[in-house]
Amino acid sequence: MLAGAGAVSAQEVRFMCYSDGNECEVYEDVLNRFEAENEGITVAIDVVPYQAILENLPVQLAAGTGPDIAKVTDLGGLNEYYLDLTPYVDAGYWEASFGDTLDWYRGGDDRQGIYGMHSQLTITGAFINATLFEQAGIEIPGEDATWAEWAEAARAVAEATDTPFPMAIDRSGHRVAGPAISYGAALFNEDGEAILVDDGFRAFVQQFVDWHEDGTMARDVWAGQGGATYQDAAQEFINGELVFYYSGSWQVGRMNEQVGDFFDWQVVGSPCGPAGACSGMPGGAGIVGFAQTDHPEAVAAVIDFLAQEDVYAEVTARTSNLPAHLGVAAAGVTYEGVSEGAQAALNAFAGDLPDVAPAAFAYQGYAGNRAMFGITVERVSQAIVGELTVDQAMERAAADLEAAMAETQ
């Protein structure tokens, strides 16, 4: 906490927040304590849908009408609007506590500024309905199983149990990046320049399209939306209509709460690809302040409060998320109000972090990744619905990226 923050008077800090589970509710609770300790500063939390963070927030920031603080996932892409917290916080503490994730919020050549607190470290991976495997009498594939082996097993389970959908992957460029890397996608050339499309990326897209054509993948997740709109398949999994669901660690709280005793669900991580990798994508969300605020010191005080180890540990335990705070991660987290299965699931996701490929970390930290994710969704969806062949979709994706980079430069 900042020295003298309690003396700041009559300042309202607006915090735009979205929840994967109960994050905004928990932030509101712990920030009540902040308000009690910092007379004159109030924090107004505006809870919005995730789509508002993706689409509305950038427009508001460009117009100068954004909030003071927001929970964001386009970490580097919004850097031009961030408030540098460095003058207001103990930079040594932040560097020691958040390490490499601080780089995800930096832009350009700045490798020193502190622009955001990574609040939820996530990793992508698969959930399975283990009850369906048991009912089908089919063995769950082992930890080194490939995407092809999981597809074969999921189809067999779905057929044996009359389950509507064998597999689904969230409609997200971020979500398919890990599988693409496992199929050999490099995403960047030797000079570190983004390329997106190469032989490995194309190979995964072809397989993904084929799985939609033969019924392996739940078609409406990707084919039922337009543009780059995000769509998950969590509800289909929760309803017991899906054998294998590739999403990520942020869904654990939802599964714990909504699946309950309906069926036995497990986390099995990221399958392996023909390139030998078994990589998911790291990611998550962070809390940032914006330079356009009228109350920079108060904004920094709020974020610094949330970054303190005891507060961060409490929020992590209550929201069923993986910690990016190195001290909290080292101490371990005992999650509150979760089943043994959910605790095991979170531990399983944490155990997958060493398998994340360097390209995946680079992609998550790349300032232009939001454009690449959007291009991926739009062009892959066109191939899935038959508007374009895979080759045409990949040609257009490459052209889209070239145009996006030219516009940025």
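Residues numbered from 1 in each chain as written. Predicted model: local features only at pLDDT ≥ 70, side-chain atom pairs only at ≥ 80, totals over all residues. Heavy atoms only, no water.

A. How the structure looks around helix 6 (residues 173–182). Burial within helix 6 is extensive, with 10 of its 10 residues counted as buried. Along helix 6, the residues classified as buried are Gly173, His174, Arg175, Val176, Ala177, Gly178, Pro179, Ala180, Ile181 and Ser182. With a side-chain oxygen lying 3.1 Å from the backbone nitrogen of His174, the N-terminal cap of helix 6 falls on Ser172. Backbone geometry just after helix 6 places Gly184 at a positive phi near 110 degrees. (Buried < 20%, exposed > 50% of the residue type's maximum accessible area, 1.4 Å probe, protein only. Helix = DSSP H or I, 4+ residues; strand = E, 2+ residues; numbered from the N terminus. Polar contact = N/O pair within 3.5 Å; in protein donor to acceptor, adjacent residues only side chain to side chain.)

B. Structural detail: the nonpolar core. Membership of the largest hydrophobic core comes to 136 residues, with the highest contact counts inside it found for Leu31, Trp94, Leu196 and Trp265. Built from parts of two domains, this core gets at least three residues from each of domain 1 (12–121 + 283–344) and domain 2 (123–281 + 357–408). The contacts of Trp265, once residues within four sequence positions are left out, are Phe127, Ile128, Ala130, Phe237, Val252, Met255, Asn256, Val259, Gly341, Ala342 and Ala345. (Core = buried A, V, L, I, M, F, W, Y, C linked by side-chain atoms within 4.5 Å. Domains from an automatic or database assignment. Contact = heavy atoms within 4.5 Å.)

C. A look at the side chain of Thr101. Relative to the elements of secondary structure, Thr101 occurs in the loop between helix 3 (91–98) and strand 4 (117–129). The class of Thr101 is buried, set by a relative accessible area of 11%. Dropping the residues within four chain positions of it, Thr101 is found in contact with His118 and Ala324.

D. Looking closely at the domain arrangement of the protein. Assigned domains within the protein: domain 1 (12–121 + 283–344) and domain 2 (123–281 + 357–408). Taken over C-alpha atoms, the centre of domain 1 sits 27 Å from the centre of domain 2. Taken together, the 21 residues of domain 1 in the interface contact 17 residues of domain 2. Between domain 1 and domain 2, the buried area comes to about 1,500 Å², and carbon and sulfur atoms account for 52% of it. Counting across the domain 1 and domain 2 interface gives zero salt bridges. At the junction of domain 1 and domain 2, the tally comes to three residue pairs in polar contact (both at pLDDT 80 or more). Those elements giving two or more residues to the side of domain 1 that touches domain 2 turn out to be helix 2 (50–63), strand 8 (282–289) and helix 14 (340–352). No other element matches the three residues that helix 2 contributes to the side of domain 1 that touches domain 2. Residues that form the side of domain 1 that touches domain 2 fall into these classes: eight nonpolar, 11 polar and two charged. (Buried area = accessible area lost by both parts, 1.4 Å probe. Salt bridge = Lys/Arg side-chain N within 4 Å of Asp/Glu carboxyl O. Nonpolar A, V, L, I, M, F, W, Y, C, P; charged D, E, K, R; others polar.)

E. Just the pairing of strand 8, in detail. Burial of strand 8 is extensive: eight of the eight residues sit out of reach of the surface. Of the strand pairs in this sheet, strand 3 (residues 69–72) and strand 8 are connected by four bridges, and their pairing is antiparallel. Considered in strand 8, the bridge of Ile69 is made with Gly289. (Pairing = 2+ DSSP bridges.)

F. Structural context of the packing of aromatic side chains. Tallying each qualifying case throughout the model produces 27 aromatic pairs. Members of the aromatic cluster, joined through ring pairs, are Phe127, Phe237, Tyr245, Phe262, Phe263, Trp265 and Phe349. (Phe/Tyr/Trp six-rings, centres within 6.5 Å; stacked < 30°, edge-to-face > 60°.)

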